[in-house]
Amino acid sequence: MFSRKKTVFYIILALLTAGFIFFLYSYRIKIGRVLTPFFLAAAAAYLIKPLVIRLEAKNISRSSSILIIYSAFSIIAAAGMYFVVPQLVNNIRDLINELPEITSAYQDIFNRIISAIQTSKWPPDIKNILFREIENGTGQVQDFLIDGLRKALTALLEMVTMM
């Protein structure tokens, strides 16, 4: 009788654990959005505490220490944004200006490869397979580049709007 109760207990415990894991997995994005500020606050407190203790050792009150540290971090972050964002914008502008030249150079290389395949003495079946694979590969590369640029621009816009 005792082992039956124990078995029922473990079955119920396993079902509850599985349900809890399923709940966490199903709502992981919402839970992450809610818990992220708490994790960031814990990390900030963990990083700031040694500095606060040092300032308290120099007879500065805890609230003044925290205010000094937050002010210093804010000034450093603002200065970083002031100097980094314009440089980043200039680099992106240079990349956009150079992009046509870069793409034309790769297009020339690509066209030479295509013409080499067309003028080769390979059987038509192999040429068709190569052309099909090249077409699939270029589509995947385009999708990859578009997705990467979209993510980079989204991150840049989010960074600029946070300022």
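As the structure is a computational prediction, the values presented were derived from the model and not from experiment. (Residues numbered from 1 in each chain as written. Predicted model: local features only at pLDDT ≥ 70, side-chain atom pairs only at ≥ 80, totals over all residues. Heavy atoms only, no water.)

**Comments concerning unusual backbone geometry**
Both trends apply: most residues other than glycine have a negative phi, and most peptide bonds are in trans.
Part 1: The residue Asn59 is not glycine, and still its phi comes out positive at about 65°.
Part 2: Looking at where Asn59 falls in the secondary structure, it is placed in the loop between α2 (28–57) and α3 (62–119).
Part 3: Residue class for Asn59 comes out exposed when judged on its relative accessible area of 75%. (Helix = DSSP H or I, 4+ residues; strand = E, 2+ residues; numbered from the N terminus. Buried < 20%, exposed > 50% of the residue type's maximum accessible area, 1.4 Å probe, protein only.)

**Side note on the packing of aromatic side chains**
Part 1: In the structure shown here, the tally under the stated rule is three aromatic pairs.
Part 2: Ring centres of Phe23 and Tyr27 lie 5.2 Å apart, and the angle between their planes is 45°; this geometry places the pair in the tilted category.
Part 3: Ring centres of Tyr82 and Phe83 lie 5.1 Å apart, and the angle between their planes is 80°; this geometry places the pair in the edge-to-face category. No difference in accessibility class separates Tyr82 from Phe83, as the two residues are exposed.
Part 4: The positively charged end of Arg28 is found above the aromatic ring belonging to Tyr25, 4.2 Å away from the centroid. (Phe/Tyr/Trp six-rings, centres within 6.5 Å; stacked < 30°, edge-to-face > 60°. Lys NZ or Arg CZ within 6 Å of the ring centre and 35° of its normal.)

**Considering α2**
Part 1: Relative to the 44 Å expected for 30 residues at 1.5 Å per residue, α2 spans 42 Å between its end C-alpha atoms, a close match to the ideal helical length.
Part 2: Of all the bends in α2, the greatest reaches close to 40° and is centred on Leu35; the proline Pro37 follows between one and four positions later.
Part 3: Taken together, the buried positions of α2 are occupied by Ile48, Val52 and Leu55.
Part 4: Those residues of α2 that are buried are in contact with α3.
Part 5: Of the residues one or two after α2, Asn59 is the one with positive phi, at around 65°. (Expected span 1.5 Å × (residues − 1). Bend = angle between axes of the 7 residues up to and from the residue. Contact = heavy atoms within 4.5 Å.)

**A look at the packing of α2 against α3**
Part 1: Relative orientation of the contacting elements α2 and α3 amounts to 125°, with a least axis distance of 9 Å. Our classification of the angle between α2 and α3 gives oblique. The way α2 lies across α3 gives a crossing that is right-handed. Here α2 contributes Ile48, Leu51, Val52, Leu55 and Glu56 to the contact with α3, which in turn contributes Arg62, Ser65, Ile66, Ile68, Ile69, Tyr70 and Phe73. (Axes fitted to C-alpha atoms, helices over the stretch in contact; angles between N-to-C directions. Parallel < 35°, antiparallel > 145°, perpendicular 65-115°, else oblique. Left-handed = near helix turned anticlockwise from the far one by under 90°.)

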